[in-house]
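Below, each chain spelled out in residue letters.
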Amino acid sequence: MAVGVPRLDHIIDDDSIRIALLHDNEGKVLVLLPASHLLNLVVLWRETSRQLQPVRAENIVKFFNQDALATAEGQRKLFSLPVYLDTSCKEMQSMSVLEPHSGLAFEVPRKWLAGSASVISVGISPAQILAEQPQGGDEEIIVKAVERFTALRIKQRVEDTLGLPSLSPTAQKITELRADPLAGVDRLVPIVKVDPSLAAQVMSWAASPYYATPGELQSIDDAVIRVLGFDLVVNLALGVSMGKTLTIPDEAPRGHTPYWIQAIYTATLAERLCKRMTFDNALKPGLVYLTGLIHNFGYAALAHLFPPHFALLSRYLEINPHMSIEQTERHVLNITREQIAAWLFECWALPKDVCKGVRYINSPLHSKSNGYAQLVNIASRALRPSGFADGPIEKLDPKVLQAIGLLEGEVFEELDLMLERGEELLELVRMLEAQQKRESNRAKA
């Protein structure tokens, strides 16, 4: 389900080489480049005059798990395919190669490439990606990214230039409610009641197997007070409203984890971990849940801002599954989903802890990070091997675990307990997807 494969950092050295399999209507090709580098598709297309595309992950696994490729003779015959060799590898007399999807690893003598390899500069190191990035604060970087792809001079306020929609009136009221420490269900229920879409969502959510309690639900009041509670309804309403603000893109990386699965699973696990924390902390489970629920909102925002380039980003994510999504987005767009989401949430006056939590999910030890970012980072990493979150499969960072006062075993114990109710969580996902589809059809009508 997930795009990612294990990160290669812990099993590679400077001489390790990655095999990437691509194809077009002319057939398959192999690309060999340093395992730590991003494969630059645009350069590959330009240099080969072919629109080579990544092979689907499941087909890559089948291809490289062929019995013949377990033998030296079969491995040698593999290089009868056209091969593109990164410039940095051209002097190597022997290469230790690795295919990350299947885990196939073997030695390739340079003589196997005689007559089949073309040398091109197709790899980009993480240091090069970082050096390419524009400097400045998040808002400056967003403006520069927009300028890069639209060739427009920014003359208006940034939010006008971006063309991002504003929150719905209901979401604005709930945001104000979320910021009021004295607010309670007496102010929340009237807001829910006057929004038919939200009211239906709250009732179906409360009646779901995951939250169901004995007795029949009689009203919105009953659903909010007896079953869900103030925090969950407020956070659910915000998450759903934001999910409806931007369309979840169709041109997504093939094999990616669907938006609402990532949202619900990450939010649920992060909240469970928050409640598991033993030391006295200032984190609020409700805000942890909200941070997890909207942590990937920037994904939809990027598709809205850069529609033609989002398809390109998707192909890059497919062909570079071992690299962090953040690095790939920086290379392709000069902006990350976390940057655009956090900036937008600030414009919408969401709680500052949530804004920071989303912004620093991939930099949980940054000086500006907070416990919300750290919890969601751990939840996301823990979910990836099971296919419930996108990104390379990585070990949980001991320093982040120490910062939030949890042990690795505790994280995976909570994950196992949560997954025991996986079908009930998927039912919540289906509700949200169905609701969004109805809203989208209504908007088109």
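Analysis parameters
- Residues numbered from 1 in each chain as written.
- Predicted model: local features only at pLDDT ≥ 70, side-chain atom pairs only at ≥ 80, totals over all residues.
- Heavy atoms only, no water.
- Helix = DSSP H or I, 4+ residues; strand = E, 2+ residues; numbered from the N terminus.
- Buried < 20%, exposed > 50% of the residue type's maximum accessible area, 1.4 Å probe, protein only.
- Contact = heavy atoms within 4.5 Å.
- Areas by Shrake-Rupley, 256 points an atom, 1.4 Å probe, with all protein chains shown as cover.
- Pairing = 2+ DSSP bridges.
- pLDDT = per-residue confidence, 0-100.
- Polar contact = N/O pair within 3.5 Å; in protein donor to acceptor, adjacent residues only side chain to side chain.
- Disulfide = S-S within 2.5 Å.
- Expected span 1.5 Å × (residues − 1).
- Salt bridge = Lys/Arg side-chain N within 4 Å of Asp/Glu carboxyl O.
- Axes fitted to C-alpha atoms, helices over the stretch in contact; angles between N-to-C directions.
- Parallel < 35°, antiparallel > 145°, perpendicular 65-115°, else oblique.
- Left-handed = near helix turned anticlockwise from the far one by under 90°.
- Phe/Tyr/Trp six-rings, centres within 6.5 Å; stacked < 30°, edge-to-face > 60°.
- Lys NZ or Arg CZ within 6 Å of the ring centre and 35° of its normal.
- Core = buried A, V, L, I, M, F, W, Y, C linked by side-chain atoms within 4.5 Å.

**So, the overall build of the protein chain**
Then step 1. Of the regular secondary structure elements, the protein chain holds 22 helices and nine strands.
Then step 2. By the burial criterion, 56% of the 445 residues in the protein chain qualify as buried.
Then step 3. Counting contacts in the protein chain only where the partners sit at least 6 residues apart, residues at least 24 apart contribute 70% of the total.
Then step 4. As displayed, the protein chain offers around 19,700 Å² of accessible surface, 51% of which is attributable to carbon and sulfur atoms.

**Brief notes about the pairing of strand β6 (residues 94–98)**
Then step 1. Examined bridge by bridge, strand β1 (residues 16–24) and β6 share three bridges and lie parallel to one another. Residue Ser 16 lies in a different strand from β6, and its bridge partner there is Ser 96.
Then step 2. As paired elements, β6 and strand β7 (residues 105–109) share five bridges and run antiparallel to each other. Residue pairing for β7: Leu 98 is matched across the bridge by Ala 105.
Then step 3. Hairpin connection between β6 and β7: a loop of six residues separates the two successive antiparallel strands, and Gly 103 in this loop has a positive phi of roughly 80 degrees.

**Overview of the side chain of Ser 314**
Then step 1. Following the sequence through the fold, Ser 314 ends up in helix α15 (residues 307–319).
Then step 2. Taking relative accessible area as the criterion, Ser 314 reaches 1% and is therefore assigned buried.
Then step 3. Contacts of Ser 314, omitting those with residues within four sequence positions, involve Glu 251, Ala 252 and Pro 253.

**A word on the confidence of the model for the protein chain**
Then step 1. Mean pLDDT for the protein chain: 83, with 88% of residues reaching 70 or above.
Then step 2. Mean pLDDT per element in the protein chain: helix α6 (residues 158–162) is the minimum at 48, and helix α19 (residues 371–383) is the maximum at 96.
Then step 3. Low pLDDT (under 50) marks residues 151–161, which in the prediction has 13 contacts with non-local residues, meaning those over four places away or in another chain.

**Focus: helix α1 (residues 41–48)**
Then step 1. When we look at burial in α1, the residues that qualify are Leu 41, Val 43, Leu 44, Trp 45 and Thr 48.
Then step 2. Two or three places before Val 42, at the opening of α1, Asn 40 has a side-chain oxygen 3.2 Å from that residue's backbone nitrogen.
Then step 3. Looking one or two residues beyond α1, the residue adopting positive phi is Ser 49, at roughly 60 degrees.

**Quick look at the state of the cysteines**
Then step 1. Taken as a whole and assessed by the stated rule, the structure comprises zero disulfides.
Then step 2. Counting only cysteine sulfurs, Cys 347 is the nearest neighbor of Cys 355, a cysteine outside any disulfide, at a range of 9.2 Å.
Then step 3. Assessed through its relative accessible area of 3%, Cys 355 is described here as buried.

**Observations concerning helix α12 (residues 259–276)**
Then step 1. Helix length check: α12, at 18 residues, gives a terminal C-alpha distance of 26 Å against a target of 26 Å (1.5 Å per residue), a fit within 8%.
Then step 2. Taking burial as the measure, the 18 residues of α12 include 15 buried ones, the bulk of the element.

**Quick word on unusual backbone geometry**
Then step 1. The backbone of Ser 49 shows a phi angle near 60 degrees, a positive value even though the residue is not glycine.
Then step 2. Mapping Ser 49 onto the fold places it in the loop between α1 and β4 (53–54).
Then step 3. Residue classification places Ser 49 among the exposed positions, given a relative accessible area of 66%.

**Describing the pattern of salt bridges**
Then step 1. One pass over the full model with this rule turns up 19 salt bridges.
Then step 2. For Arg 50, the salt bridge goes to Glu 26, with nearest N and O atoms at 3.8 Å. One end of the pair, Arg 50, is in the loop between α1 and β4; the other, Glu 26, is in the loop between β1 and β2 (27–34), with 24 residues separating them in the sequence.
Then step 3. Measuring nitrogen to oxygen at the nearest pair gives 2.9 Å for the salt bridge that ties Glu 414 to Arg 276. Here Arg 276 lies in helix α12 and Glu 414 lies in helix α21 (residues 408–419), a separation of 138 residues in the sequence.
Then step 4. Judged by relative accessible area, Glu 414 falls into the buried class, the value being 9%.
Then step 5. Connected via shared salt-bridge partners are Arg 272, Arg 276, Glu 413 and Glu 414.

**Focus on the packing of helix α8 (residues 185–193) against helix α10 (residues 220–228)**
Then step 1. Relative to each other, α8 and α10 sit at 140 degrees, their axes nearing to 10 Å. The angle between α8 and α10 falls in the class oblique. Seen from above, α8 lies across α10 with right-handed handedness. On α10, the residues that touch Val 185, Leu 188, Val 189, Val 192 and Lys 193 of α8 are Ile 220, Asp 221, Val 224 and Ile 225.

**Digging into the packing of aromatic side chains**
Then step 1. Under the definition given, this model contains nine aromatic pairs.
Then step 2. Consider the rings of Phe 63 and Phe 64, whose centres lie 5.1 Å apart with planes at 80 degrees: the pair is edge-to-face.
Then step 3. Look at Phe 63 and you get buried, because its relative accessible area is 19%.
Then step 4. Residue Phe 64 is classed as buried on the basis of its relative accessible area of 2%.
Then step 5. When the centroid spacing of 6.4 Å and the interplanar angle of 65 degrees are considered together, the rings of Phe 79 and Phe 106 count as edge-to-face. Here Phe 79, found in the loop between α3 (72–78) and β5 (83–86), pairs with Phe 106, found in strand β7; they are 27 residues apart in sequence, far enough to count as distant. Like Phe 79, the residue Phe 106 is buried in the burial classification.
Then step 6. In this structure an aromatic cluster arises from ring pairing among Phe 79, Phe 106 and Trp 112.
Then step 7. The side chain of Arg 359 reaches across the aromatic face of Tyr 360, ending 4.9 Å from its centre.
Then step 8. Arg 421 extends its terminal NZ or CZ atom over the ring of Tyr 210, reaching a point 4.4 Å from the ring centre.

**Some thoughts on the nonpolar core**
Then step 1. Core analysis: the biggest nonpolar cluster contains 120 residues, and Leu 22, Leu 39, Leu 44, Trp 205 and Phe 345 have the highest contact counts within it.
Then step 2. Among the elements that take part in this core, α12 stands out by supplying eleven residues, more than any other.
Then step 3. Among the nonpolar cores identified, the runner-up in size contains 23 residues, and Ile 17, Phe 64, Phe 79 and Cys 89 belong to it.

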